[in-house]
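What follows is each chain in one-letter form.
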Amino acid sequence: MIVTTKQLFAHAYGKYALGAYNINNLEQVMGLFRGCIDSRAPFIIQLSKGARSYTDKRMLEAMIRAAEEIFPEAVFAVHLDHGDEQTCYECIESGFYSSVMIDASHDPFDENIAITRRVVEAAHARGVSVEAELGMLGGVEEDIAVDEKNAMLTDPDEAKVFVERSGCDSLACAIGTSHGAYKFSGSQGLHFDRIKAIQAQLPGFPLVMHGSSSVPQDEVKRINESGGKLKEGAKGVDPNQYLPASKLGVCKVNIDTDGRLVWTRVHREYFLQKPEDFDLRGPGKVFMGEYAKFIASRNELLGSAGQLDSVRETVTQK
Ligand code: G3H
Ligand code: 13P
Ligand code: ZN
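Residues numbered from 1 in each chain as written. Chains lettered and ligands numbered in written order. Predicted model: local features only at pLDDT ≥ 70, side-chain atom pairs only at ≥ 80, totals over all residues. Heavy atoms only, no water.

Student: So what exactly am I meant to see when it comes to the coordination of the zinc ion (ligand 3) here?
Tutor: Note on metal sites: the ideal angle is 109.5 degrees for four tetrahedral donors, and 90 or 180 degrees for six octahedral donors. Here the zinc ion (ligand 3) is held by the protein donor atoms His82 (NE2), His179 (NE2) and His210 (ND1), which lie 2.1 Å from it. All donor residues of the zinc ion (ligand 3) come from one chain, and their arrangement in sequence is H-x96-H-x30-H. Of this pair, His82 sits in strand β3 (residues 76–83) while His210 sits in the loop between β9 (207–209) and α9 (217–225), placing them 128 residues apart in sequence. The two residues His82 and His210 agree in class, both being buried. (Donors = N, O, S within 2.8 Å, 3.2 Å for Na, K, Ca; no water. Helix = DSSP H or I, 4+ residues; strand = E, 2+ residues; numbered from the N terminus. Buried < 20%, exposed > 50% of the residue type's maximum accessible area, 1.4 Å probe, protein only.)

Student: Got a minute to help me understand the site of ligand 1 in this structure?
Tutor: With respect to spatial proximity, the complete set of residues near ligand 1 consists of Asn22, Ser48, Asp81, His82, His179, Asp256 and Arg260. His82 is positioned with one of its side-chain polar atoms (N or O) 3.4 Å from an oxygen atom of ligand 1. Its residues placed into classes, the shell around ligand 1 shows no nonpolar, 4 polar and 3 charged. (Near = heavy atom within 4 Å. Polar contact = N/O pair within 3.5 Å; in protein donor to acceptor, adjacent residues only side chain to side chain. Nonpolar A, V, L, I, M, F, W, Y, C, P; charged D, E, K, R; others polar.)

Student: How do you make sense of helix α6 (residues 109–125) when you look at a structure like this?
Tutor: Turn by turn, an α-helix covers 3.6 residues, leaving residues three or four places apart pointing in a common direction. In this model α6 runs 24 Å from its N-terminal to its C-terminal C-alpha over 17 residues, within 8% of the 24 Å that 1.5 Å per residue would give. Where α6 is buried, its residues contact α5 (85–94), β4 (99–102), β5 (129–134) and α7 (156–166). (Expected span 1.5 Å × (residues − 1). Contact = heavy atoms within 4.5 Å.)

Student: Hey, could you run me through the site of ligand 2 in this one?
Tutor: Looking at ligand 2, there are 15 residues lining it, with Asp81, Lys183, Ser213, Asp256 and Thr257 nearest. Between ligand 2 and His179 there is a distance of 3.0 Å, counted from an oxygen atom to a side-chain nitrogen or oxygen. Between ligand 2 and Ser213, the relevant distance is 2.6 Å, taken from an oxygen atom to a side-chain nitrogen or oxygen of the residue. In isolation ligand 2 exposes 310 Å². Once the protein is present, 96% of that is buried. Per-class residue counts for the shell around ligand 2 are 1 nonpolar, 11 polar and 3 charged. (Areas by Shrake-Rupley, 256 points an atom, 1.4 Å probe, with all protein chains shown as cover.)

Student: Just checking my understanding: could you explain the pattern of salt bridges for this structure?
Tutor: A side chain of one charge can pair with a side chain of the opposite charge if their charged atoms are brought near each other. For the structure shown, the criterion picks out 24 salt bridges. Here Lys6 ties to Asp169 by a salt bridge, and the two come within 3.4 Å at their closest N and O atoms. You can see Lys6 sitting in helix α1 (residues 5–12) and its partner Asp169 sitting in the loop between α7 and β8 (170–173), a full 163 residues away along the chain. The class of Lys6 is exposed, set by a relative accessible area of 53%. In this structure, the salt-bridge partner of Lys221 is Glu225, at a minimum N-O distance of 3.2 Å. Linking Lys221 with Glu225, this pair stays in helix α9, spanning 4 residues, or about one helical turn. (Salt bridge = Lys/Arg side-chain N within 4 Å of Asp/Glu carboxyl O.)

Student: Please clarify how the packing of aromatic side chains should be interpreted in this entry.
Tutor: For any pair of aromatic rings, geometry is given as the distance between the ring centres together with the angle between the planes. Applying the stated criterion across every chain, the model contains 9 aromatic pairs. With centroids separated by 5.1 Å and ring planes inclined at 85°, the aromatic side chains of Phe33 and Phe43 adopt a geometry described as edge-to-face. Here the residue Phe33 occupies a position in helix α2 (residues 26–38), and Phe43 occupies one in strand β2 (residues 43–48), the gap between them amounting to 10 residues. Side by side, Phe33 and Phe43 carry an identical accessibility label, which is buried. For the ring pair Tyr291 and Phe294, a centre distance of 6.1 Å and an interplane angle of 20° mean the geometry is stacked. Here Phe294 and Tyr291 lie together in helix α12 (residues 281–302), a separation of 3 residues that amounts to about one turn. Among the aromatic side chains, those forming a connected cluster through ring pairs are Phe33, Phe43, Phe71 and Phe76. The lysine or arginine in question, Lys231, covers the ring of Tyr182, its NZ or CZ lying 4.4 Å from the ring centre. (Phe/Tyr/Trp six-rings, centres within 6.5 Å; stacked < 30°, edge-to-face > 60°. Lys NZ or Arg CZ within 6 Å of the ring centre and 35° of its normal.)

Student: Where do I start with the packing of α5 against α6 in this structure?
Tutor: For any two helices packed against each other, the geometry is given by the interaxial angle and the distance between the axes. It is at 10 Å that the axes of α5 and α6 come closest, and there the two elements cross at 10°. If you check the angle between α5 and α6, you find them roughly parallel. Mapping the contact onto sequence places Glu85, Cys88, Tyr89 and Ile92 in α5 and Ile115, Arg118, Val119, Ala122 and Ala123 in α6. Taken together, the residues of the contact of α5 with α6 break down into 7 nonpolar, no polar and 2 charged. (Axes fitted to C-alpha atoms, helices over the stretch in contact; angles between N-to-C directions. Parallel < 35°, antiparallel > 145°, perpendicular 65-115°, else oblique.)

Structure representation (structure tokens):
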């Protein structure tokens, strides 16, 4: 059942965080739903601009609608990840999305507010909620590279003004994470003091954490042992920090890279071990099972595992 993101946040706030997982193809969709049902977790399925243009955006909607029928117990929201203004309007108009993210974080503060405000007006008129972003994550976001050292953490006072003036429903904050497989080189981690300070300015307001993959080192090692050339030693977010962050108002934790690592490891190992094989369904089957296990393990760490029956009592179909 597709529900509103708002309802999911209301249930989670201060207790646990929802996993927000990016999907691009059918194997990811099947693994994601399986993993969430196995761990009895509500979740957010997110579609990036890249995912929408990978094949055809109608394919994504068709896959998700089919999964909804295959897994009738599932409770989830559909979210546009890192949208620009135009894509937000398209998704709002489509009637399919529970929420959109307008990412104008690279624009100056007032411009970010003005763009977000326009999207909020269009979205709220259609019952869609809006995630905005303030501050700059390290790593690569869309096509803009921001050096890790220059990554700007979200300013708590600015966050309060931003939310008041833009009317957004949740806020992606820069709190020490960055996108991709190469996040922290040294002893960096989540900036809990900063999250606390933002929550103090915005009590009860849902915060979002992007760049939350943990980049498991054994996964990177297995990829490289089977022919990959990923940089070793770069760390991701410690997944044991998801739950403490959720207690401070982080309701949505975005995970994409880790799923790509599972995909890469499965396919590299599969074809290395079976060089004579050319049936795509072989690795596809292994991936769906492995991805489901990965998702369930993340839901356990997020605290969303086991919440499915309780959340169902509080939500209605979007
Ligand atoms: O933060 C971005 C997400 O990982 C989506 O990546 O734009 O390559 O689909 P993508
Ligand atoms: P990762 O690259 O850490 O998986 O972050 C994904 C993300 O923030 C999607 O918006
Ligand atoms: Zn992101």
